[in-house]
Amino acid sequence: MVTTRRFFTRLALVTGMLLAVTAPARADNPIVQHIYTADPAPLVHNGRVYLYTGHDEDGSTWFTMKEWRVFSSADMVNWTDHGSPMNLGTFSWASKDAWAGQAVQRNGKFYWYVSAVNRATGRMAIGVGVSDSPTGPFRDALGRPLVENGEIDPSVMVDNSGQAYLYWGNPNLWYVRLNADMTSFSGGVNQIPLTTAGFGTRTGDPNRPTLYEEGPWVYQRNGQYYNVFAAKCCSEFIAYSTAPSPTGPWTYRGTVMPTQGSAFTNHPGIVDFKGSSYFFYHNGALPGGGGFTRSVAVERFSYNADGTIPQLTMSTAGPPAADTLNPYVRQEGETIAWGSGVETEVSSEGGLNLSHTNNGDHVKLKNVAFGGGAATFTARVASTVAGSSIEVRTGGPTGTLAGRCSVPSTGAWQSWTTVTCPVSGLTGTRDLYLRFAGGSGYLLNLNWWQFGPTTVSSAAVRQPIPEDTMCSTIQIVTATRSSDLTCDAS
Ligand code: FUB
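Source: prediction; values computed, not measured. (Residues numbered from 1 in each chain as written. Predicted model: local features only at pLDDT ≥ 70, side-chain atom pairs only at ≥ 80, totals over all residues. Heavy atoms only, no water.)

Draft legend 1. Representation of the overall build of the protein chain within the structure. In terms of regular secondary structure, the protein chain is built from five helices and 34 strands. Within the protein chain, the fraction of its 490 residues that count as buried is 58%. When the accessible area of the protein chain is evaluated, it comes to approximately 18000 Å², of which 51% is carbon and sulfur surface. (Helix = DSSP H or I, 4+ residues; strand = E, 2+ residues; numbered from the N terminus. Buried < 20%, exposed > 50% of the residue type's maximum accessible area, 1.4 Å probe, protein only. Areas by Shrake-Rupley, 256 points an atom, 1.4 Å probe, with all protein chains shown as cover.)

Encoded structure:
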């Protein structure tokens, strides 16, 4: 994957897509740049949005999907990669096609309903993974499909009465009433009548008289039920219907997002978070992107006063930040608003780390709240080369230099050390760029980073300074200006 992804990045550079690759300052949508993602399913839990996606393989010429991925954010702009906590191997019965799904929390557990081919029947089935954590790992809750009728795209909803429903389908639309255990259902498999009043009128395909195609996203809001779905094929657009009950009758309400974005599918997901509503979708906006190499993106929106959804347009800017990022607590290297050239991989220290950095690659972090000012930058790094560094910049990837941390060779890509360097000019709330510099080839891995404030607050003092930091605790605590600090790993 890494090799092919890098190929696309380098190919873009030489084939005239220079602008798209090197002008990230104005583009923060799609959400994830280091892999292709599809079929977004957001879930709000404990002050974060967890984003469950599929993963289109690089260079795909079909929906070649082997795993599902999880990302999360507390501000809708900086997204942390949690890797792949569920894949086809999680389901012993599944042979291929790790397609769309949705996760929900209940009973203190997280249930992730997904589509995959049942090896025994060769048909698409719906499986359910379960975990104690929103980021997994997930295990097969049943050891067999929950339900199977050859159709796809499960959407799960627990309504205000506590009744859970699972909807899915292409070309039809189905639902079951889930039992409280979330892994069984009662009342059989029910078909929702696809009427033109309920789901709009499609022309040109006598077998598909309504606009409903696939990808239902069903939820309850202010006593009304919404079914937002991929409409018409192909290319798809996003439409929606509403109903007074979870089982209908449905009334077609129109377009949420017209056909846009160079992928012939689209797939909706909607949540409310920190006072705003957000619409997730996918497109083919990344270099090398298209119908089978898709990327998840997001827009902020407001419901109209009558509860209808306004028509939305894909953007490269994405939503404004819903919160600030605190640089004085440890932040993961794989937390990214926009990454250029970088990858992520599983870290020997747990979670993921940022990886495969070349000279000039960078990550952007948005809306970082430096407040009165930062004095130091500390990073947990690994490298097999000498002479690389992390440049701390503002205003752009080659903007104002606030500091530079030298990174030594640690002997192996997963042998970690901590480096600290002085920084200056970092005050207020601003976007931050971590740029990787050095010779040729891969430079360094970054597991986490953290700034130290100029004025040490009680909160900052409580943050432990790692033992192998080259700055001593006393140096940091007594420094009032960044120039007081000379400690560095070099
Ligand atoms: O990602 C595979 C399939 O493409 C999904 O299941 C559909 O919704 C469409 O997005």
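Draft legend 2. Spotlight on the nonpolar core. Core analysis: the biggest nonpolar cluster contains 45 residues, and Tyr-52, Trp-112, Val-228, Ile-270, Phe-279 and Ile-309 have the highest contact counts within it. At five residues, the largest contribution of residues to this core is made by strand 8 (residues 109-118). Val-368, Ala-379, Val-381 and Cys-405 belong to the second largest nonpolar core, which has 30 residues in total. (Core = buried A, V, L, I, M, F, W, Y, C linked by side-chain atoms within 4.5 Å.)

Draft legend 3. Broad picture of the packing of aromatic side chains. Scanning the entire structure with this criterion turns up 30 aromatic pairs. Taking 6.0 Å as the distance between ring centres and 40° as the angle between the ring planes, the aromatic pair formed by Tyr-167 and Tyr-175 counts as tilted. When its relative accessible area of 0% is taken as the criterion, Tyr-167 is described as buried. Taking relative accessible area as the criterion, Tyr-175 reaches 9% and is therefore assigned buried. Through successive ring pairs, a cluster of aromatic residues spans Tyr-52, Trp-68, Phe-91, Trp-93, Trp-112 and Phe-138. Looking at Arg-221, its charged tip hangs above the ring of Tyr-303, at a distance of 3.6 Å from the centre. Here Arg-330 stacks its cationic end above the ring of Trp-448, 3.8 Å away from the centre of that ring. (Phe/Tyr/Trp six-rings, centres within 6.5 Å; stacked < 30°, edge-to-face > 60°. Lys NZ or Arg CZ within 6 Å of the ring centre and 35° of its normal.)

Draft legend 4. Representation of the environment of Asp-431. Turning to its location among the elements, Asp-431 is positioned in strand 33 (residues 428-437). Given a relative accessible area of 27%, Asp-431 falls into the partly exposed group. In sequence terms Asp-431 and Lys-366 are 65 residues apart; their C-alpha atoms lie 4.4 Å from each other. Asp-431 has contacts with Lys-364, Leu-365, Lys-366, Asn-367, Arg-393, Thr-394 and Gly-395, leaving out every residue within four places of it along the chain. In this structure the side chain of Asp-431 is engaged in a polar contact, spanning 2.9 Å, whose partner is the backbone nitrogen of Asn-367. (Contact = heavy atoms within 4.5 Å. Polar contact = N/O pair within 3.5 Å; in protein donor to acceptor, adjacent residues only side chain to side chain.)

Draft legend 5. Main features of the site of the ligand. Every residue lining the ligand is accounted for by Asp-39, Phe-63, Met-65, Trp-99, Ala-100, Ile-152, Asp-153, Glu-214, Thr-265, His-267, His-282 and Arg-294. In this structure, Asp-39 approaches the ligand through a side-chain N or O atom, which is 2.4 Å from an oxygen atom. Ala-100 is positioned with one of its backbone polar atoms (N or O) 3.5 Å from an oxygen atom of the ligand. Among the residues forming the shell around the ligand, the class breakdown is five nonpolar, three polar and four charged. (Near = heavy atom within 4 Å. Nonpolar A, V, L, I, M, F, W, Y, C, P; charged D, E, K, R; others polar.)

Draft legend 6. Main features of the sheet that holds strand 22 (residues 295-301). Here three strands make up an open sheet; going across it, the order is 20-21-22 and the pairing antiparallel. Either end of the sheet is taken by a strand with one partner, and the two such strands are strand 20 (269-273) and strand 22. Adjacent strand axes in the sheet meet at a mean angle of 30°, parallel and antiparallel pairs treated alike. Judged from the seven bridges that link them, strand 21 (residues 276-283) and strand 22 form a sheet pairing that is antiparallel. Bridging across to strand 22, Ser-277 finds its partner in Phe-301. (Pairing = 2+ DSSP bridges. Axes fitted to C-alpha atoms, helices over the stretch in contact; angles between N-to-C directions.)

Draft legend 7. Spatial organisation of the side chain of Asn-78. Within the fold, Asn-78 resides in the loop between strand 3 (65-73) and strand 4 (79-81). In terms of polar contacts, Asn-78 uses its side chain to reach the backbone amide nitrogen of Lys-366, at 2.7 Å. Not counting residues up to four positions away in its chain, the partners in contact with Asn-78 are Ser-72, Ser-73, Leu-325, Thr-335, Ile-336, Ala-337, Lys-364, Leu-365 and Lys-366.

Draft legend 8. Spotlight on the pattern of salt bridges. Evaluation of the coordinates by the stated rule reveals 14 salt bridges. For Lys-366, the salt bridge identified is with Asp-28, shortest N-O distance 2.7 Å. Of the two residues, Lys-366 sits in strand 28 (residues 362-371) while Asp-28 sits in the loop between helix 2 (18-22) and strand 1 (38-45), which places them 338 residues apart along the sequence. As far as the burial class goes, Lys-366 and Asp-28 line up, both buried. Between Asp-81 and Arg-69 there is a salt bridge; the shortest N-O distance is 3.0 Å. Within this pair, whereas Asp-81 is found in strand 4, its partner Arg-69 is found in strand 3, the two being separated by twelve residues in sequence. Arg-69 carries the same exposure label as Asp-81, and that label is buried. Members of the salt-bridge network, linked through shared partners, are Glu-391, Arg-393, Arg-404 and Arg-435. (Salt bridge = Lys/Arg side-chain N within 4 Å of Asp/Glu carboxyl O.)

Draft legend 9. Geometry of the layout of surface pockets. Estimated volume of the largest pocket: approximately 470 Å³. Of all the secondary structure elements, the ones that give two or more residues to the lining of the largest pocket are strand 1, strand 7 (101-106), strand 12 (155-158), strand 16 (212-221) and strand 20. Among the elements that line the lining of the largest pocket, the one with the most residues is strand 16, at five residues. For the lining of the largest pocket, the per-class residue count stands at 14 nonpolar, four polar and three charged. (1 Å grid on protein atoms, 1.4 Å probe; cavity = no way out; pocket = protein on both sides within 12 Å on 5 of 7 lines; lining within 4 Å. Points joined across faces, edges and corners; volume = space filled by probe spheres on them.)

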